[in-house]
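Residues per chain are reported as follows:
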Amino acid sequence: MDVTGVDSRIRVGQIVQVKTGREAGAYAVVIGLEEPHFVWLADGKKRLAEKPKRKNQKHVQPTIQVAQEVISSLQVTGRVTNALLRYALNQYLLQIRSKEQKGV
């Protein structure tokens, strides 16, 4: 755990924001880990699950949101659909927008 009390390790199914590169500012879901410090990202729209982006963990900002649907799909079938990735990201973005409107 880091100083803020949040686990700093990135996990499969976690939603992250890309900090550097062409897709900076975009959100994606971690669909794979490659030791020691790489992650595989997909968003289901621009970056498809069949062709995920390999990114250094230093270049992404993890959120506290973990998409349980993505985790269960990967555990059961070993893959995830693009529609499920889009759904998970849309749910997260709706949650962020509602918090912003409430002024939290």
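Before any of the text, the structure's been laid out above.
The text that follows walks through the structure, step by step, so that each part is easy to find.

Rules used throughout
Residues numbered from 1 in each chain as written. Predicted model: local features only at pLDDT ≥ 70, side-chain atom pairs only at ≥ 80, totals over all residues. Heavy atoms only, no water. Helix = DSSP H or I, 4+ residues; strand = E, 2+ residues; numbered from the N terminus. Pairing = 2+ DSSP bridges. Axes fitted to C-alpha atoms, helices over the stretch in contact; angles between N-to-C directions. Contact = heavy atoms within 4.5 Å. Parallel < 35°, antiparallel > 145°, perpendicular 65-115°, else oblique. Nonpolar A, V, L, I, M, F, W, Y, C, P; charged D, E, K, R; others polar. Expected span 1.5 Å × (residues − 1). Buried < 20%, exposed > 50% of the residue type's maximum accessible area, 1.4 Å probe, protein only. Core = buried A, V, L, I, M, F, W, Y, C linked by side-chain atoms within 4.5 Å.

## Regarding unusual backbone geometry
Item 1. Backbone torsion omega between Glu35 and Pro36 reads 10°, so that peptide bond is classified as cis.
Item 2. Relative to the helices and strands, Pro36 is located in the loop between strand 2 (27-34) and strand 3 (38-42).

## What to know about the sheet that holds strand 4 (residues 53-56)
Item 1. An order of 4-3-2-1-5 is seen for the 5 strands of this open sheet, with the pairing classed as antiparallel. The open sheet is flanked by strand 4 and strand 5 (60-66), the only strands paired with a single partner. This sheet shows a mean twist of 45° between the axes of neighbouring strands, independent of strand direction.
Item 2. The sheet contact formed by strand 1 (residues 14-18) and strand 5 spans 4 bridges and is antiparallel. Pairing of Gln17 across the sheet is with Gln61, part of strand 5.
Item 3. Most of the contacts of helix 2 (residues 82-102) go to strand 2, to which it runs at about 130°, and overall it touches strand 1, strand 2, strand 3 and strand 5.

## Things to note about the packing of helix 1 (residues 68-77) against helix 2
Item 1. With their axes 9 Å apart at the nearest point, helix 1 and helix 2 run at an angle of 155° to one another. Between helix 1 and helix 2, the interaxial angle falls into the category roughly antiparallel. Residues Glu69, Val70 and Ser73 of helix 1 touch helix 2, and the partners they reach there are Leu84, Leu85, Tyr87 and Ala88.
Item 2. Here the residues of the contact of helix 1 with helix 2 are counted per class, giving 5 nonpolar, 1 polar and 1 charged.

## Let's talk about helix 2
Since there are 3.6 residues in each turn of an α-helix, residues three or four apart along the chain are aligned in direction.
Item 1. In this model, helix 2 (21 residues) spans 30 Å end to end at C-alpha, consistent with the 30 Å of a helix rising 1.5 Å per residue.
Item 2. Inspection of helix 2 places Asn82, Leu84, Leu85, Ala88, Leu89 and Tyr92 among the buried residues, and these make up the whole buried set.
Item 3. On the buried face of helix 2, the contacting elements are strand 1, strand 2, strand 3, strand 5 and helix 1.

## A closer look at the nonpolar core
Item 1. Counting 13 residues, the largest nonpolar core has Ile15, Val29, Ile31, Val70, Val80 and Leu85 as the members making the most contacts within it.
Item 2. At the level of elements, strand 2 and helix 2 are the ones that each hand at least two residues to this core.
Item 3. The dominant element in this core, judged by the number of residues it contributes, is helix 2, at 5 residues.
Item 4. Excluding anything up to four places from it in sequence, Leu85 contacts Val29, Ile31, Ala42, Asp43, Gly44, Ala49, Val70 and Val80.
Item 5. If you look at the next biggest cluster of nonpolar residues, it comprises 8 residues, including Ile10, Val16, Val18 and Val60.

## Notes on the environment of Gly32
Item 1. Within the element layout of this structure, Gly32 appears in strand 2.
Item 2. The class for Gly32 is buried, based on a relative accessible area of 14%.
Item 3. Along the backbone, Gly32 and Leu74 are 42 residues apart, and their C-alpha atoms lie at a distance of 9.5 Å.
Item 4. Setting aside anything within four residues of it in sequence, one finds Gly32 in contact with Val12, Val39 and Trp40.

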